[in-house]
Protein chains: 2
Amino acid sequence: MRAGPSQDEIRRQNLGALLRLVHLRGAMSRAELTTRLGLNRSTIGALTADLTSAGLVTERAPRETGRAGRPSLVVSPSSERAYAYAISIEVDQLRAARVGLGGVVLDRRRAARPPGRTGVAAVQPVAGFVAEMHAAATGGTRCIGSGVAVGGRVRAAEGAIELSAGAAELDAPLRAALGAALRDDRPVTVAAAADLAALAEHARGVAAGCDTVLYLHGDAGITAGVIAGGRRVTGAGGYGGEVGHMVVRPGGRRCSCGSAGCWETEIGEHALLRAAGGRGGAGRPAVLALVDAASRGDAAAQLAVRQVGDWLGFGVANLVNIFNPEMVIFGGMLREIYLAAAASVRSRLRLMVLPGWRGRLRLRTPALGDDAALIGAAELAFERLLADPLDAGAA
Amino acid sequence: MRAGPSQDEIRRQNLGALLRLVHLRGAMSRAELTTRLGLNRSTIGALTADLTSAGLVTERAPRETGRAGRPSLVVSPSSERAYAYAISIEVDQLRAARVGLGGVVLDRRRAARPPGRTGVAAVQPVAGFVAEMHAAATGGTRCIGSGVAVGGRVRAAEGAIELSAGAAELDAPLRAALGAALRDDRPVTVAAAADLAALAEHARGVAAGCDTVLYLHGDAGITAGVIAGGRRVTGAGGYGGEVGHMVVRPGGRRCSCGSAGCWETEIGEHALLRAAGGRGGAGRPAVLALVDAASRGDAAAQLAVRQVGDWLGFGVANLVNIFNPEMVIFGGMLREIYLAAAASVRSRLRLMVLPGWRGRLRLRTPALGDDAALIGAAELAFERLLADPLDAGAA
């Protein structure tokens, strides 16, 4: 018969389950692995031996426990030896990191991204970062693959909003450039930044253990990543979550998408600066300066923060009624606005969210901070390894 | 080693895959099953023999094909022998059906539901229907279980919107009443009507083969069922999709939920009748009468239909930008409004939906008509059987 897994496939599944556990939860004793995985001690011993030979975990004796009996060995992910390259193509910057198994950032690079450049123009600089980090990595280490987070506005500029395929357009050039930099053809996987930030916060951040999560990312635009039933939810062709283009103010200000009154025209960076009387600057620094001014008592800045906070709460309330999440995470520039205007946001939620749904809803900022999408890109690259550690690990 | 399936479990998985295929796609030759399932001919023979003895499929010689060689036997689901009870608790009616494997409605009952009754008050009448149908079922037949679709407004009245647990509150009394009616303890599963309608249209209706689907159900309120990545998406505790409480008109009319300007205050049945100058009647008949008047040239009715159609398009555009579905299905009363006001709806979508996403979007009405949620309730009951045909089938 076909279909059903062989003994070897079962072993690979169990290897994946064990590796995923120490990758996400960190070092763990064999005794705890035995309990958590429901496998017996000798099986755990055989699996850790396999993963150790593949260079994916290490084992060591625990610190003195004071208890009688032979202590259980502690299994840790080999962060130094097995890693992924994570790349984040953002509105105003390019970032790349070498991220070890277990989610440890081993090395990182960053450059400003000149305004108006295409997404494809980012390919050579990030490939350069990867080549540098690859040269600096010591021998005996192994690259698993690369993951790329592409911001909403970058995708929009590439025609993603037109075609739902902007990130896919980056796929081939990124694969070629990274292949050249790494001198091989490790897999390159590309996804939307908000989706990957949601993935990372769900895997190892503030939303660990939550079943249904909405991650909102703000820069010039507003996008969302959704986890429902513990899984990433995307629309047709892997895209969705263009929540910035939900109309919240019929007949409102014209949006770059061609519509009017879109949420991002009321809560984006431009809306905030405009509400404060058109202060200079742009991007995250200008937002931070304005929020800082508000905290120091600048009345115009305070008004702008409250006004944008009110519209932020308005859109979040709609999304909560639609998705009924356990947690909403405010990332990117929305982190600053939420922290400065939490009272306005909560006041809107009290008015608009269905009564009983408010009780279980938690509002949070990312535990991984601005690294959420970058770490999510690494998680994307690790997925293949965790599905079949010996196949991906041994190659 | 644990975890991995045994030979017996593999056989059960394959039995489930075969049964699911004929349940959803109808009678199919052994040759086609062999191709579709990737199993060899002797395995298909063994599996159909098992399913035949369990009374779940039948085999017959095909009609004369004119081809040489021994013709391949045709495998059909035993719709008459294995069935589920499907129950739908709606705003204005109660329905129950005996639905055979393969989705065939074998028997059905219906009663008006007096306004203002609680959901729990529906339990005895539907249990009565089930007892009647059970008595009428011939010998040698087998009930697999029962599924219940609960409409959004029913849940709201039960406190579901408060507690996200309205349908759960129906669970125990329904189980007890149906257990008494059937004289056994077959499983009873309860879910939101829009979710089940989406499930049914995706399984065997207009959305078969679509990966990402939004089903909108309208009665007094508006709810949604979402399929993403081919799976049902629900929020915390299994609820979500309360899209009727997305605010589309800030500062608009007061809604029963406590907020103002909710989508359902602009497109619900009350909004439509109000827009036409407060005509008499209520419920689906009043909506049908108004749509009919519009088609006969009644100017006030035409204006009301256009106005509600415009707001319908407005909310759908927001949801399309959020979910990026391949298909939106208009069910319940929204079917009539969409058909009468498709031009207004499409005009709004052209203004508001992200340009490239419009191209792949299809707007449809339910292939299963008003039975979508009822058939979905049966699908819910069949899920357990399809997961493990011999276990659930033999009990």
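The rules behind each value
Residues numbered from 1 in each chain as written. Chains lettered and ligands numbered in written order. Predicted model: local features only at pLDDT ≥ 70, side-chain atom pairs only at ≥ 80, totals over all residues. Heavy atoms only, no water. Axes fitted to C-alpha atoms, helices over the stretch in contact; angles between N-to-C directions. Helix = DSSP H or I, 4+ residues; strand = E, 2+ residues; numbered from the N terminus. Parallel < 35°, antiparallel > 145°, perpendicular 65-115°, else oblique. Left-handed = near helix turned anticlockwise from the far one by under 90°. Contact = heavy atoms within 4.5 Å. Nonpolar A, V, L, I, M, F, W, Y, C, P; charged D, E, K, R; others polar. pLDDT = per-residue confidence, 0-100. Pairing = 2+ DSSP bridges. Buried < 20%, exposed > 50% of the residue type's maximum accessible area, 1.4 Å probe, protein only. Arc of directions from axis to C-beta.

Draft legend 1. Highlighting the packing of helix α12 (residues 299-323) of chain B against helix α14 (residues 342-352) of chain B. Residue and element names in this part refer to chain B. At a minimum axis separation of 7 Å, α12 and α14 run at an interaxial angle of 40 degrees. What the angle tells us is that α12 and α14 run oblique. In terms of crossing hand, the pair formed by α12 and α14 is right-handed. Taking contact as the criterion, the partners of R306, G309, D310, L312, G313, F314, V316, A317, N318 and N321 in α12 are, on α14, S344, V345, R348, L349 and M352. A class-by-class count of the residues in the contact of α12 with α14 yields 7 nonpolar, 5 polar and 3 charged.

Draft legend 2. Examining the confidence of the model for chain A more closely. All names here are of chain A. On average, residues of chain A score 87 in pLDDT, and 90% of them are at 70 or above. Across chain A, the element-wise mean pLDDT spans from 35 in helix α6 (residues 160-163) up to 97 in strand β13 (residues 362-364). pLDDT under 50 marks residues 155-166. Its contacts with residues more than four places away, or in other chains, come to 36 contacts. Both confidence scores are given for the complex: pTM 0.89, ipTM 0.87.

Draft legend 3. Focus on the sheet that holds strand β1 (residues 28-29) of chain A. Residue and element names in this part refer to chain A. With antiparallel pairing, 3 strands are arranged side by side in an open sheet as β1-β3-β2. Across the chains shown, the open sheet's two edge strands, defined by having one partner strand only, are β1 and β2 (57-60). Bridging between β1 and strand β3 (residues 74-77) involves 2 bridges; their strand directions are antiparallel. Within β3, the residue paired with S29 across the bridge is V74.

Draft legend 4. Quick peek at α14 of chain B. Residues and elements named next belong to chain B. Among all positions of α14, only S344, V345, L349 and M352 are buried. Mapping the buried residues of α14 onto a view down its axis gives an arc of 135 degrees, with all of them on the same face. Among the exposed residues of α14, those oriented more than 90 degrees off its buried face are A343, R350 and L351. Summarising the contacts, the buried residues of α14 are in contact with α12, β12 (327-332), α13 (333-340), α15 (355-359) and β13 (362-364).

Draft legend 5. Representation of the packing of helix α1 (residues 7-25) of chain B against helix α3 (residues 41-53) of chain B within the structure. All names here are of chain B. Two elements in contact, α1 and α3, have axes separated by 10 Å at closest approach and are oriented at 80 degrees. Between α1 and α3, the angle is such that the two are roughly perpendicular. In this structure, α1 contributes R11, N14, L15, L18 and L19 to the contact, and α3 contributes I44, L47, T48, D50 and L51. For the contact of α1 with α3, a count of residues per class yields 6 nonpolar, 2 polar and 2 charged.

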